[in-house]
Amino acid sequence: MTITGAWRRTAQGAGLLGADGTISASIFAEMTALAMRTGAINLGQGFPDEDGPTVVLEAAREAIANGVNQYPPGRGMPVLLEAIARHQQRFYGLTVDPATEVLVTAGATEALSATLLALLEPGDEVVTFEPFYDAYGGLIALAGGVHRTVRLRSPDFQPDLDELAAAVTDRTRIILINNPHNPTGTVFSRETLEQIVALAHKHDALIVTDEVYEHLTFGVAHLPVATLPGARERTVTISSGGKTFSTTGWKIGWLSAPAAIVTAILAVKQFLTYVNGAPFQPAMAVGLDLPDTYYTGIADDLQAKRDLLAGGLTAAGFTLTAPRGSYFIVADAAALGHPDAAEFCRSLPDLAGVVGIPITAFCLPEHKPEYASLVRFAFCKRVDVLEEAASRLARL
């Protein structure tokens, strides 16, 4: 089937459009299907295989039983808006008005979609780091934007600040960052974030931050861009509860920004999902108010899982970059004699009964050779699953 218009731009931006104009399946769909067909352990997709805290799940059940099953308010239910505002103040000292500066969305992806559609004009440039979360390319294209990237290179995946400065120009409308970063697991330095703010001021750009892994960091504290001097008035901060509370299927996300920007985004968001997840919104509010021990506990548990999988990958002969945040670890297959990670990932279920995702799935076509041998593995799985995966990988 051939496609035209915005659909063509979106598929092309997502790397799914062939030279003949046909849509191809994403590598994520391909690897998931391969895992199902072979019975391999799927460490490709980044979702947990354990439920979140019982108190949060029970709050959702209670909301359903109490009739919270119809459309919630367009901005979100006040109980959740207020919980988000408390969360920002509690963890980061950020004061936001829940009535005018917060918006509940259908996950972080809708927050990103509505933000880009609201704030971009055709031809505006958006700067991201590369590799980038795969949705970014498609969403920027859908909004008519021009995607520019600053490459992150192993082993630390921190950007070259001169390259960052060169990429942001007067044509840049938005600097879009994902911190902690998917797929590399890096956490950007304060120096990098401060430069982003300085460049945004210099070129009158907006900053959009995707912070869904904000509570999943290892040995380093998360630093929201909006807390830096001069950033608050030009920053849209996006997060969600899916990663923090292991409820990715609920699709409850949110953003905070100055009131005028939130109003502009809401004008678009109301024509996307309109509203969503009524009984999950008060449950998410319960989660955001959980004690500090919950938040430190999930990070500690995930760090132990990271180390478990890293042991198996190291024993297999991979070269690793230890992530400081997120769900993901990047392993270089070149040391195993596999310079093409895409082909390696297709053969890995037969070689070891495990599925990963090539980092090239997160890159522009012209930059894929630079990342050709790198594989992303997800470690947000049960301990017994990771133990089995590590054992299988070690036999490589």
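Residues numbered from 1 in each chain as written. Predicted model: local features only at pLDDT ≥ 70, side-chain atom pairs only at ≥ 80, totals over all residues. Heavy atoms only, no water.

*Asks:* A description of the UniProt feature "domain: Aminotransferase class I/classII large" (unreviewed entry) in the chain should follow, citing residues and the corresponding values.
*Replies:* The feature "domain: Aminotransferase class I/classII large" (unreviewed entry), as annotated in UniProt, sits at residues 40-392 in this numbering. Secondary structure across residues 40-392 comprises 38% helix and 16% strand; the distance between its end C-alpha atoms is 10 Å. (UniProt positions renumbered as here; feature names shortened; annotations may be inferred. Helix = DSSP H or I, 4+ residues; strand = E, 2+ residues; numbered from the N terminus.)

*Asks:* Account for the sheet that holds strand S5 (residues 172-178), naming residues and giving values.
*Replies:* Taken together, seven strands build an open sheet; the order of strands is S2-S8-S7-S6-S5-S3-S4 and the sheet is mixed. One side of each edge strand has no neighbouring strand; the edge strands of this open sheet are strand S2 (102-105) and strand S4 (146-151). Taken over all neighbouring pairs, the strand axes of this sheet differ in orientation by 20 degrees on average, direction set aside. Relative to strand S8 (residues 253-256), S2 is paired through four bridges, and the arrangement is antiparallel. (Pairing = 2+ DSSP bridges. Axes fitted to C-alpha atoms, helices over the stretch in contact; angles between N-to-C directions.)

*Asks:* Lay out the environment of Gly 185 in plain terms, naming residues and giving numbers.
*Replies:* Position of Gly 185 relative to the elements: it lies in the loop between S5 and helix H8 (190-202). Look at Gly 185 and you get buried, because its relative accessible area is 1%. Distance in space between the C-alpha atoms of Gly 185 and Thr 321 is 8.6 Å, their sequence separation being 136 residues. Residues contacting Gly 185, with those up to four places away along its chain left out, are Pro 323, Arg 324, Gly 325, Ser 326 and Phe 328. (Buried < 20%, exposed > 50% of the residue type's maximum accessible area, 1.4 Å probe, protein only. Contact = heavy atoms within 4.5 Å.)

*Asks:* I'd love a proper account of the domain arrangement of the chain, names of residues and values included.
*Replies:* Here the chain is partitioned into domain 1 (6-51 + 293-394) and domain 2 (54-289). Once you take the C-alpha centre of each, domain 1 and domain 2 turn out to be 23 Å apart. If you look at the interface, domain 1 gives 37 residues, while domain 2 gives 44 residues. On the domain 1 side of the interface with domain 2, the three residues burying the most area are Tyr 295, Arg 324 and Phe 362, jointly 23% of the side's total. In this structure, the connection of domain 1 to domain 2 is made through two salt bridges. The closest approach of N and O atoms between Glu 370 and Arg 153, which form a salt bridge, is 2.8 Å. If you look at where domain 1 meets domain 2, you find 18 residue pairs in polar contact (both at pLDDT 80 or more). Listed by contribution, the elements that provide at least two residues to the side of domain 1 that touches domain 2 are helix H1 (5-13), helix H11 (292-316), strand S10 (328-332) and strand S13 (374-378). Counted by class, the side of domain 1 that touches domain 2 contains 22 nonpolar, eight polar and seven charged residues. (Domains from an automatic or database assignment. Buried area = accessible area lost by both parts, 1.4 Å probe. Salt bridge = Lys/Arg side-chain N within 4 Å of Asp/Glu carboxyl O. Polar contact = N/O pair within 3.5 Å; in protein donor to acceptor, adjacent residues only side chain to side chain. Nonpolar A, V, L, I, M, F, W, Y, C, P; charged D, E, K, R; others polar.)

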